[in-house]
Amino acid sequence: MIRVESLHKVFGPKPDEALRLLAEGRSKDEIREATGDVIGVQDVSFELKPGEFFVIMGLSGSGKSTLLRCINRLIAPTSGRVLLQTDDGEVDVAQAGPSELRRLRQEHLAMVFQRFGLLPHRTVRDNVAYGLEVQRVGRAERVRRADETLEMVGLGGWGGVLPAALSGGMQQRVGLARALATGAKVLLMDEPFSALDPLIKMQMQEEMIRLQRQLGRTIIFITHDLDEALRLGDRIAIMDDGRFVQVGAPEKIVTEPRTPYVADFVAHADPTGVITAGTVAVPPEHPRVDELRREPGARVLAHRTQADVEIEVADDGRVLGVRADGAGAELVPIDTLLAEEAPTSRYRDRAAVVRADRTLRTLLAARNLCNLPVLVVDDEERLVGFVTEREIIHAIIEKRGHNGDANGVTA
Amino acid sequence: MNALLTDAVFDPIRIPLDRWFNDFINWLTFNYRPTFQAMKVPVEALLDGVSAVLLWLPPVVFIALVAIMAWRVAGWRIGVLAGASFTLIGMVGLWGLTMVTLSMVAASVLVCLIIGLPLGILAARSDRFQAALRPVLDVMQTTPAFVYLVPVVMLFSIGTVAGVIATIIFALPPLIRLTDLGIRQVPDDVIEAAEAFGSSERQVLFKVRLPLALPTIMAGVNQTIMLALSMVVIAALIGAGGLGRPVVEGLNALRIGQAGIGGLAIVLLAIVLDRLTQAFGAGAKRG
Ligand SMILES: Nc1ncnc2c1ncn2[C@@H]1O[C@H](COP(=O)(O)OP(=O)(O)OP(=O)(O)O)[C@@H](O)[C@H]1O
Ligand SMILES: [Mg+2]
């Protein structure tokens, strides 16, 4: 959908000189000494699939806004390419002529701003219709599409008022509607929810998830807020000093921070909604799991911390049964357990089964209901591993799975 | 006597600037008088057009129109004030002269808008143009109105049109300055948003900058109108018609009453125009 290749942005009088020094491996400070230039973005490359939600995080001044503005060329990149998939093939935004650039901004790249950027002298409806008006869409069509989009963001009926009459959260809905109304496939969002109260912010995030499910736009979203990033992002890029220091799925960023900077960043993250059961579970081969005996076509295993619970696993990976206290326990999918009334004391005759892609939060719930190891299985019901308190506590404290011990940096 | 004696101290280094100035104006007049006379043509046409309409309108209709317009934009008090002012002007026998003055003000303000808005827009766009324009505007604003009259008479001869041209020069600067200021004050984030949606420079100007600058521009229009009115009496010194004439003639002949009612009509006109343009400006602010 969109591919950014080796993007650089240098602010200052001698950008070419600065790029040359950068290529020689000189530091930002040395370059500022030598040329007076500030490096805003340094060698950033990434590629997004259609419908991907890409979050960029980083400290203040790390170059997030500059990078985002290079994509629609509100700031002209010093070097590099921004390749956009359009109906007539791939177009480089960085090289487009003035009218082509305008067309790309009108039809392919919409933007949402931290401070909303609404036109105060126009009604909400005319603000939402602005992008269409610039494209010279007729009045009736404009109004129709603006009202439709307002309905979509929950502001049906507010079209006739001026933005100043709305609360901050509502104004940003207008900003969002304006970006959605043009039908642009790529949305650029620069800290769109930072100016909002925590409660409104949460609502807007949920709204965003809902809209994204419905519309499937390709989104580049900047935020300061790690929990927001973890909640929204399919992938997260962490930016430091104009560079991407790590790009990956939310869980990977939290569980395997590649540098101390990233580790600091994720140190205070709430891991329970991010880390997956598959990462937390100990596999049958792990030293913490003992093989008690073999039977024809199956093994009987036990987790060290609950050595009295026998788990029988077929050689093809299916769980055949769990025995505790000399009796067989029932295997129950977690969602069934959660739908029932909670027991007064934890089950010893029922074992929870959880899919590997469920989160740590689900494991906590499962463990709260059953005093037997939680069985984590893949899509084909084959055993991935077991989870006891030990793994859960480890995951919460260390923000890592059992097998993360060897790599990654401790926060 | 004393003053002249001290002047003699400078005799050795005395420069004949007065003669140079004289020569310059003569040279301009000799070589370019047709050009300057040609510049009068559009101003004269505009002036004639406006005054023809104003003098053709029956006073009752005019008063009703002004009162209704004032009521719509500025509320019923100003509506009553406007209607009463113009009725009073008619009752003291100055209707015709007031219409002439009003058309002079209207013509000069129109020309100021035609020249001033584009210059203000250019100044807002380019720091260099703004820097070049600033000293010119400073000179235009600090030069006393009487001083304009000399070159204006030389180049445009005397009469109402020459008076209008002097008025234009005098009243133009605040409109340019406030247009420039208003456009520069438009917040960057709104401009950025408009650009992000693919607006052309024209679209940014007409859909964002000018609408958001409108309250400030209206303040400039208000000042320009007030300055134009303040030139009415001075313009009469070089033969312009309108309300300045009874004032100047009355003063010369010591007919205080005649000068007094002329002055009163000017003040009433100023109050009504001021309230009206301020109300327009406030309306623009509310959107
Ligand atoms: N127009 C400019 N001229 C010079 N330097 C600039 C300019 N714009 C940004 N910078 C510098 O580029 C760097 C990156 O700025 P940018 O605004 O992209 O950071 P950011 O990550 O968006 O920060 P924040 O979280 O505060 O919004 C900063 O060091 C900033 O000082
Ligand atoms: Mg920023």
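Residues numbered from 1 in each chain as written. Chains lettered and ligands numbered in written order. Predicted model: local features only at pLDDT ≥ 70, side-chain atom pairs only at ≥ 80, totals over all residues. Heavy atoms only, no water.

Undergrad: Got a minute to help me understand the nonpolar core in this structure?
TA: A general tendency of soluble globular proteins is for nonpolar side chains to be buried together. If you look at the biggest cluster of nonpolar residues, it comprises 74 residues, and the most contacted ones within it are F62, F86 and V105 of chain B. Leaving out residues up to four positions away in the same chain, F86 of chain B has contacts with F62, I63, V66, W95, T98, M99, L269 and V272 of chain B. In this structure, F116, A146, F221 and L232 of chain A belong to the second largest nonpolar core, which totals 55 residues. (Core = buried A, V, L, I, M, F, W, Y, C linked by side-chain atoms within 4.5 Å. Buried < 20%, exposed > 50% of the residue type's maximum accessible area, 1.4 Å probe, protein only. Contact = heavy atoms within 4.5 Å.)

Undergrad: Any chance you could explain the packing of helix α5 (residues 95-125) of chain B against helix α8 (residues 160-184) of chain B here in plain terms?
TA: Geometry of a packed helix pair, given as the angle between the helix axes and the separation of the axes. Residue and element names in this part refer to chain B. At a minimum axis separation of 6 Å, α5 and α8 run at an interaxial angle of 35°. α8 is crossed by α5, and the crossing has right-handed handedness. Looking at the contact of α5 with α8 residue by residue, the classes come out as 17 nonpolar, six polar and two charged. (Axes fitted to C-alpha atoms, helices over the stretch in contact; angles between N-to-C directions. Helix = DSSP H or I, 4+ residues; strand = E, 2+ residues; numbered from the N terminus. Left-handed = near helix turned anticlockwise from the far one by under 90°. Nonpolar A, V, L, I, M, F, W, Y, C, P; charged D, E, K, R; others polar.)

Undergrad: Quick question: what am I supposed to make of the pairing of strand β10 (residues 243-248) of chain A here?
TA: As a general feature of sheets, a regular strand has side chains that alternate between the two faces. Inspection of the sheet shows strand β9 (residues 235-240) of chain A paired to β10 of chain A by five bridges, in the antiparallel sense. Residue pairing in the sheet places I238 of chain A in a bridge with Q246 of chain A of β10 of chain A. (Pairing = 2+ DSSP bridges.)

Undergrad: Help me understand the site of ligand 1 in this model?
TA: Residue and element names in this part refer to chain A. As a structural note, the neighbourhood of ligand 1 is formed by F11, L59, S60, G61, S62, G63, K64, S65, T66, E191 and H224. Measuring from an oxygen atom of ligand 1, one finds a side-chain N or O atom of S60 at 2.5 Å. Contact distances for ligand 1 include 3.0 Å between an oxygen atom and a backbone N or O atom of G63. The element contributing the most residues to the shell around ligand 1 is helix α3 (residues 64-71), with three residues. Grouping the constituent residues of the shell around ligand 1 by class yields two nonpolar, seven polar and two charged. (Near = heavy atom within 4 Å. Polar contact = N/O pair within 3.5 Å; in protein donor to acceptor, adjacent residues only side chain to side chain.)

Undergrad: Looking at this structure, how should I read the environment of Y261 of chain A?
TA: All names here are of chain A. Along the polypeptide, Y261 turns up in helix α12 (residues 260-266). In this structure the C-alpha to C-alpha distance between Y261 and D240, which are 21 residues apart in sequence, comes to 8.0 Å. In this structure Y261 touches G58, L59, I238, M239, D240 and V245, once residues within four positions along its chain are discounted. From its side chain, Y261 meets the backbone nitrogen of L59 in a polar contact 3.2 Å long.

Undergrad: Sorry, what's going on with a nonpolar patch on the surface here?
TA: Residue and element names in this part refer to chain B. Taken together, the side chains of L88, M91, V92, I261 and L264 present a nonpolar region at the surface, about 410 Å² in accessible area. At the level of elements, α4 (76-91) and α13 (256-286) are the ones that each hand at least two residues to the nonpolar patch. A residue is classified by how much of its surface remains accessible, and M91, at 65% relative accessible area, is exposed. (Patch = residues over 30% accessible without salt bridge, like charges linked within 9 Å, V, L, I, M, F, W, Y side chains within 5 Å. Areas by Shrake-Rupley, 256 points an atom, 1.4 Å probe, with all protein chains shown as cover. Salt bridge = Lys/Arg side-chain N within 4 Å of Asp/Glu carboxyl O.)

Undergrad: Even after reading the chapter, I still don't get the side chain of R178 of chain A, so can you show me in this structure?
TA: Tracing the sequence through the fold places R178 of chain A in helix α8 (residues 168-181). For the buried R178 of chain A, no salt bridge is present, and the opposite-charge side chain at shortest range is D189 of chain B, 8.5 Å distant. Beyond its immediate chain neighbours, meaning those up to four positions away, R178 of chain A contacts F113, F116, G117, L118, N127 and V128 of chain A together with A193 and F197 of chain B. (Lys, Arg positive; Asp, Glu negative; His and termini not counted.)

Undergrad: I'm lost on the sheet that holds strand β11 (residues 289-295) of chain A in this one. Help?
TA: Strand-to-strand pairing in sheets goes through backbone hydrogen bonds, with the strands running parallel or antiparallel. All names here are of chain A. Strand order across the open sheet formed by eight strands is β11-β12-β13-β14-β15-β16-β17-β18, with mixed pairing between neighbours. Each of the sheet's edge strands pairs with one partner strand only, and the pair in question is β11 and β18 (383-387). Across the sheet, the mean angle from the axis of one strand to that of its neighbour is 30°, orientation sign disregarded. Pairing geometry for strand β12 (residues 298-303) and strand β13 (residues 306-314), over five bridges, is antiparallel. Bridging from a neighbouring strand, L301 pairs with I311 of β13.

Undergrad: Looking at this structure, how should I read unusual backbone geometry?
TA: Residues and elements named next belong to chain A. Its identity is not glycine, yet S6 carries a phi of approximately 45°, on the positive side. Take S6: it is sitting in strand β1 (residues 2-11). If you check the backbone angles, R73 has positive phi at about 60° while not being a glycine.

Undergrad: Hey, could you run me through the packing of aromatic side chains in this one?
TA: When we look at a pair of aromatic rings, we describe it by the centre distance and by the angle of the planes. Residues and elements named next belong to chain B. By the definition in use, this model includes 12 aromatic pairs over all chains. Between W27 and Y32, the ring centres sit 5.7 Å apart and the planes meet at 70°, which makes this aromatic pair edge-to-face. An angle of 70° between the planes, with centres 6.3 Å apart, marks the rings of F86 and W95 as edge-to-face. Among the residues examined, W95 registers a relative accessible area of 13% and is labelled buried. (Phe/Tyr/Trp six-rings, centres within 6.5 Å; stacked < 30°, edge-to-face > 60°.)

Undergrad: Help me understand the sheet that holds strand β8 (residues 218-223) of chain A in this model?
TA: Residues and elements named next belong to chain A. If you walk across this open sheet you meet the six strands as β6-β7-β8-β3-β9-β10, and the pairing is mixed. Sheet topology places β6 (109-112) and β10 at the edges, where each strand pairs with a single neighbour. In this sheet, adjacent strand axes meet at a mean angle of 20° when their direction is disregarded.

Undergrad: It is not clear to me how the interface of chain A and chain B should be interpreted in this structure. Could you clarify?
TA: At the interface, 26 residues of chain A touch 17 residues of chain B. Interface area for chain A against chain B, summed over the two sides, is near 1,800 Å², with a carbon-plus-sulfur share of 61%. Taken together, the connections running from chain A to chain B amount to three salt bridges. Here R115 of chain A makes a salt bridge to D189 of chain B, at a shortest N to O gap of 3.7 Å. Inspection of the chain A/chain B interface yields seven residue pairs in polar contact (both at pLDDT 80 or more). Residues belonging to the side of chain A that touches chain B are distributed by class as follows: 12 nonpolar, six polar and eight charged. (Buried area = accessible area lost by both parts, 1.4 Å probe.)

Undergrad: Could you clarify how one ought to interpret the confidence of the model for chain A in this entry?
TA: Regions with low pLDDT should not have their predicted coordinates read in detail. Per-residue confidence for chain A gives a mean pLDDT of 90; residues scoring 70 or more make up 97%. When the criterion is pLDDT under 50, residues 404-411 of chain A qualifies, and its contacts beyond four places in sequence or with other chains add up to 12 contacts. (pLDDT = per-residue confidence, 0-100.)

Undergrad: So what exactly am I meant to see when it comes to the pattern of salt bridges here?
TA: Pairing between side chains becomes possible if they bear opposite charge and their charged atoms approach one another. Residues and elements named next belong to chain A. Per the stated rule, a full pass over the model turns up 51 salt bridges over all chains. Of the charged contacts in the structure, one is a salt bridge between E207 and R210, with a shortest N-O distance of 2.9 Å. One end of the pair, E207, and the other, R210, are both in helix α9 (residues 198-215), three residues apart, so they sit about a helical turn from each other. For E207, a relative accessible area of 13% gives the class buried. Overall, the relative accessible area of 36% leaves R210 in the partly exposed class. With its nearest N and O atoms 3.1 Å apart, the salt bridge here joins D335 to R358. Highlighted residues: D335 in helix α14 (residues 334-339) and R358 in the loop between β16 (350-355) and α15 (360-369), separated in sequence by 23 residues.

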